[in-house]
Every structure is written in C-alpha cells, then in structure tokens.
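Geometric and topological summary
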Amino acid sequence: SQQGEEDPQALSIQEGENATMNCSYKTSINNLQWYRQNSGRGLVHLILIRSNEREKHSGRLRVTLDTSKKSSSLLITASRAADTASYFCATDGMEYGNKLVFGAGTILRVKS
Amino acid sequence: DTAVSQTPKYLVTQMGNDKSIKCEQNLGHDTMYWYKQDSKKFLKIMFSYNNKELIINETVPNRFSPKSPDKAHLNLHINSLELGDSAVYFCASTPGGRDYGYTFGSGTRLTVV
C-alpha cells in the first residue's frame, strides 16, 4: 500500500527561487528518504533522515521531519534548471520489514 | 563503472511471451530489490533478496519469478506476459539493515503489445 503522499503533485518555479515539497505518511517509521528521478532515468538517493532527527542539510537541500504530524518537507534553495525532475519521499516503516514504500511524487519544473 | 546495471533497457514483446530482465550490482551490497513503476510514476516493491535469500514477496502474480544466483545478481523472469505488465521495472540494492539509501538501476521499460 502507498505510505507517503507528496504535496503538491506538481510545482513550477523560476530559476533562483526556492522549492518546497511536502510528504505525509501514515505509520511509525525508522527513517524517511527523498529521491530524485530525472525523466527516463532511475531514482537517485538524495537524503535520509532518521526518526529521531528533526532536520538535515545536504548542499542546497534541507529536509525536516515532524514525527508527531507524520510529515516531512524537502526544501531546495536557489533552484536551477537542472533540478527539474520528479521528487519522491519514501519511508522505511517499522511495520514493513526491510523495504521502502514510496509516495506518488512531486513533479518540479524549474524555468530558466 | 555502473553501480547497478540492468539489461535490457527497453523490451518490446507480444502478449503471451516469456521474458527476463537481468540486474547486477558491483557495490558489494547484501540486499537487492525489484520495483515496478506504472504509467502514473507510482513505485511498488515486488521482491527483495538478502544474500540470495528471498525475504520480501509482495502480492505479485506467480507469473513473475525472481532468481538470485549470487548476491550481486537478481534477475526477473516473467511468463505469459500481459498488457498490464507494461511498466518500467527498477532494480535496486542496499547494504542491508536500516538507515541506508537505495541505489537504483536505470530501469527496463517493458512494453507488451
């Protein structure tokens, strides 16, 4: 079953602006991960945040996790045209065993 | 060097045929997965192997049979292909255990006509 749900489904911004994507999930988790998928390509792991962490940074990426609200956000600062892609959150849930369950994704378009 | 490689990249075949997709990882990871991505980009896990042992087998038709000859390889054989099998199939690997990201292959786009 689908665990995470991303919001918005699609986002269009100008180069240089910040992009924020949100993810909500349903059950307790061990960690939450964000992935990027360029058109016609495989998924690339961006960042992993553990259930006992609240915020994590990696370059222009900032991820927050609120386990009380069962939600996470991914912020991409100073976006570039090359950031155009689909972004997925995925949860490693305590009930799932050793597997990731993916949300439906957010399509990000960065216009130059 | 490609970390997780899948072959073929594209596969077009007729209904009723049997086909295989191969996956190899050179990362030394213990756990490998098959995911299916449908036309709406939704990713669903199909199978997982840890060190050649099947550990996850989701509700997948038994026409789909995975096989792991060693921990670096995970193949997917599909019998009696149906139109609804058309999708992109991704192989992925992880060191195993918790708190590791997955490394995905570039996918195999299967089209059943």
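Nothing here was measured: the structure is a model prediction, and the numbers come from that model.

Details of the overall build of chain A
Looking only at helices and strands, one finds 0 helices and 11 strands in chain A. In summary, chain A has a C-alpha radius of gyration of 13 Å against a globular reference of 13 Å for 112 residues, a match within 12%. When its C-alpha atoms are laid out on the principal axes, chain A stretches across 45 × 30 × 20 Å. In chain A, the proportion of contacts linking residues at least 24 apart, taken out of those at least 6 apart, comes to 56%.

Some points on the pattern of salt bridges
In total, this model carries 9 salt bridges over all chains according to the counting rule given. Between Asp-99 of chain B and Arg-50 of chain A there is a salt bridge, with the nearest N and O atoms lying 3.0 Å from each other. Residue Asp-99 of chain B is found in the loop between β9 (87-94) and β10 (103-104), and its partner Arg-50 of chain A is found in strand β5 (residues 43-50); the two belong to separate chains. The exposure class of Asp-99 of chain B is partly exposed, given its relative accessible area of 25%. The partner of Glu-55 of chain A in a salt bridge is Arg-62 of chain A, with the nearest N and O atoms 3.1 Å apart. Here the salt bridges share partners, and the residues they tie into one network are Arg-50, Glu-53 and Lys-56 of chain A together with Asp-99 of chain B.

Describing the sheet that holds strand β8 (residues 71-76) of chain A
Residue and element names in this part refer to chain A. One open sheet holds the 5 strands; their spatial order is β1-β3-β8-β7-β6, and the pairing between them is antiparallel. Each edge of the open sheet carries a strand with a single partner, namely β1 (5-7) and β6 (55-58). Strand-to-strand, the axes of this sheet are offset by a mean angle of 20°, without reference to chain direction.

A closer look at the interface of chain B and chain A
The interface of chain B with chain A comprises 21 residues on the first partner and 22 residues on the second. Across the chain B to chain A interface the summed buried area is about 1900 Å²; carbon plus sulfur atoms make up 48%. Sorting the residues of chain B by area buried against chain A places Arg-98, Asp-99 and Tyr-102 of chain B first, and these three jointly supply 31% of that buried surface. Inspection of the region where chain B meets chain A yields 2 salt bridges.

Details of the pairing of strand β7 (residues 61-66) of chain A
Residue and element names in this part refer to chain A. Across 4 bridges, β6 lies against β7 in antiparallel orientation. Its bridge partner lying in β7, His-57 is registered against Arg-62. If you look at the hairpin formed by β6 and β7, you'll find 2 residues sitting between the two strands, and Gly-59 has a positive phi there, around 60°. Taken together, the 6 bridges between β7 and β8 define a ladder with antiparallel strand orientation. Residue pairing in the sheet places Leu-65 in a bridge with Ser-72 of β8. Hairpin connection between β7 and β8: a loop of 4 residues separates the two successive antiparallel strands, and Lys-70 in this loop has a positive phi of roughly 50°.

With respect to the nonpolar core
If you look at the biggest cluster of nonpolar residues, it comprises 21 residues, and the most contacted ones within it are Leu-32, Trp-34, Leu-74, Ile-76, Tyr-87 and Leu-108 of chain A. Residue assignment for this core shows that the elements contributing at least two residues are β3 (19-24), β4 (29-37), β5, β7, β8, β9 (85-93) and β11 (106-111) of chain A. When sequence neighbours within four positions are dropped, the list of residues in contact with Leu-74 of chain A reads Ala-19, Thr-20, Met-21, Trp-34, Leu-46, Leu-61, Arg-62, Val-63 and Tyr-87 of chain A. With 20 residues, the next largest nonpolar core counts Trp-34, Leu-76, Cys-91 and Leu-110 of chain B among its residues.

A few points about the side chain of Ser-86 of chain A
Here Ser-86 of chain A lies in strand β9. In contact with Ser-86 of chain A, other than residues within four places in its own chain, are Tyr-35, Arg-36, Gln-37, Thr-106 and Ile-107 of chain A.

Describing the sheet that holds strand β3 (residues 19-25) of chain B
All names here are of chain B. Spatial strand order, β1-β3-β8-β7: 4 strands in an open sheet with antiparallel pairing. The sheet is open, and its two borders are formed by β1 (4-7) and β7 (64-70), each paired with just one other strand. Going from strand to strand, the sheet's axes swing by 20° on average, the running direction of each strand aside. Here 4 bridges tie β1 to β3, and the two strands are oriented antiparallel to one another. Opposite Ser-5, over in β3, you have Glu-24 as the bridge partner.

Definitions and cut-offs
- Residues numbered from 1 in each chain as written.
- Chains lettered and ligands numbered in written order.
- Predicted model: local features only at pLDDT ≥ 70, side-chain atom pairs only at ≥ 80, totals over all residues.
- Heavy atoms only, no water.
- Helix = DSSP H or I, 4+ residues; strand = E, 2+ residues; numbered from the N terminus.
- Rg over C-alpha atoms; globule rule 2.2 N^0.38 Å.
- Contact = heavy atoms within 4.5 Å.
- Salt bridge = Lys/Arg side-chain N within 4 Å of Asp/Glu carboxyl O.
- Buried < 20%, exposed > 50% of the residue type's maximum accessible area, 1.4 Å probe, protein only.
- Pairing = 2+ DSSP bridges.
- Axes fitted to C-alpha atoms, helices over the stretch in contact; angles between N-to-C directions.
- Buried area = accessible area lost by both parts, 1.4 Å probe.
- Core = buried A, V, L, I, M, F, W, Y, C linked by side-chain atoms within 4.5 Å.

Keep in mind these values describe shape, not function.
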